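# Secondary and tertiary structure notes
Each chain, written out:
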Amino acid sequence: MGNLNSGGKNSGAVCDIHYTTSLQGNRMHKLLKAFVRDERGVSAMEYAVLAGIVAVALGAAGATFSSKVSTMFTTMFTAISTQQAK
């Protein structure tokens, strides 16, 4: 990094610092743009959200129909037990 400003006692150091921070800002801007455009993890996130929705739906269905399913199995086991006892 050279002295970009030829005037004054400390002007070169100030200009070098500005040039360095400008380069870092440019690099950061490029990294941020690359991060936003990167779509490699998008499909994994979509699958995770979908799995969460399915899990919530199954839980809600289980809570809604739990008494009916329990009654159905009790009736079925009673009928089987009665037939085997004969």
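Refer to the structure printed above.
Description of the structure in this document. (Residues numbered from 1 in each chain as written. Predicted model: local features only at pLDDT ≥ 70, side-chain atom pairs only at ≥ 80, totals over all residues. Heavy atoms only, no water.)

Within the protein chain one finds two helices and zero strands. For the protein chain, buried positions account for 3% of its 86 residues. Per element, the accessible surface of the protein chain, about 7700 Å² overall, is 66% carbon and sulfur. (Helix = DSSP H or I, 4+ residues; strand = E, 2+ residues; numbered from the N terminus. Buried < 20%, exposed > 50% of the residue type's maximum accessible area, 1.4 Å probe, protein only. Areas by Shrake-Rupley, 256 points an atom, 1.4 Å probe, with all protein chains shown as cover.)

This paragraph deals with a nonpolar patch on the surface. On the surface, Phe65, Val69, Met72, Phe73, Met76, Phe77 and Ile80 cluster together to form a nonpolar patch covering roughly 650 Å² of accessible area. Its place among the elements puts methionine 72 in helix α2 (residues 42–85). Given the relative accessible area of 48%, methionine 72 is considered partly exposed. (Patch = residues over 30% accessible without salt bridge, like charges linked within 9 Å, V, L, I, M, F, W, Y side chains within 5 Å. Salt bridge = Lys/Arg side-chain N within 4 Å of Asp/Glu carboxyl O.)

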